[in-house]
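# What the coordinates show
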Amino acid sequence: MPTVTFYTHVADLETFACRLAKRAVEAGCRMLAWCGGAEQLATLDRQLWAFEAESFLPHEIWLPEENPCPTEPPILLAEGEALPAAESSLVVLNLSADLWSDAPNTPERVLEIVGRSETQLAAARRRFAAYRNGGFKIEHHNMQGKA
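The name an unreviewed UniProt entry gives the protein is DNA polymerase III subunit chi, with Eikenella corrodens CC92I as the organism.

Structure (structure tokens):
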């Protein structure tokens, strides 16, 4: 059963995304960070390069409309008009409004980072219901005061 994990009340979405990406790489997982646009993709790309001075998070920008899903490096950054047919074994870090329950290949694991604003929380509630209706197991971590 596919699983979606919501991290809510996150103060800095991109920094928290870098922390999740680092944990995924350390656990031996491959991750696709699906961004909500080119600006967010560029910001996350810069932050992954500079996240921690003593570490390196190998990543590249993937253009799914033009290329098949690369097998390396462990972190892919992408955005686009439509969800790609990525391999289901990728952990998807969803930073967009897209629903991965609607993807051509349903990922086994989706991570959703939600900010603190009422608008972001309301949108997350809608995504929560859509994932539940799509057959996903739901997990939730309230990061208020933690991240």
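Having seen the structure, we can now continue with the description.
Attention shifts here to the sheet that holds strand E6 (residues 109–113). Strand order across the open sheet formed by seven strands is E3-E4-E2-E5-E6-E1-E7, with parallel pairing between neighbours. Each edge of the open sheet is held by one strand with a lone partner, namely strand E3 (59–61) and strand E7 (137–142). Here the strands of the sheet are splayed against their neighbours by 20° on average, with no regard to which way each runs. As paired strands, E3 and strand E4 (residues 75–78) are joined by three bridges and run parallel to one another. By the bridge assignment, Ile 61 is partnered in E4 with Leu 77. Sheet strands in contact with helix H1 (residues 13–26) are strand E1 (3–8), strand E2 (31–34), E4, strand E5 (91–94) and E6, and its direction is about 155° off that of E6.

Before going further, it helps to spend a moment on helix H3 (residues 118–133). The first and last C-alpha atoms of H3 sit 23 Å apart over 16 residues, in line with the 22 Å expected at 1.5 Å per residue. Leu 121, Ala 124, Arg 127 and Tyr 131 are the residues of H3 that are buried. For H3, the angular spread of buried residues about the axis comes to 120°, placing them on one side. More than 90 degrees from the buried face of H3, the exposed residues found are Glu 118, Thr 119, Arg 126 and Asn 133. Looking at the buried residues of H3, the elements they touch are E1, E5, E6 and E7. In the stretch just after H3, Gly 135 is the one whose phi turns positive, near 90°.

Conventions adopted
- Residues numbered from 1 in each chain as written.
- Predicted model: local features only at pLDDT ≥ 70, side-chain atom pairs only at ≥ 80, totals over all residues.
- Heavy atoms only, no water.
- Pairing = 2+ DSSP bridges.
- Helix = DSSP H or I, 4+ residues; strand = E, 2+ residues; numbered from the N terminus.
- Axes fitted to C-alpha atoms, helices over the stretch in contact; angles between N-to-C directions.
- Contact = heavy atoms within 4.5 Å.
- Expected span 1.5 Å × (residues − 1).
- Buried < 20%, exposed > 50% of the residue type's maximum accessible area, 1.4 Å probe, protein only.
- Arc of directions from axis to C-beta.

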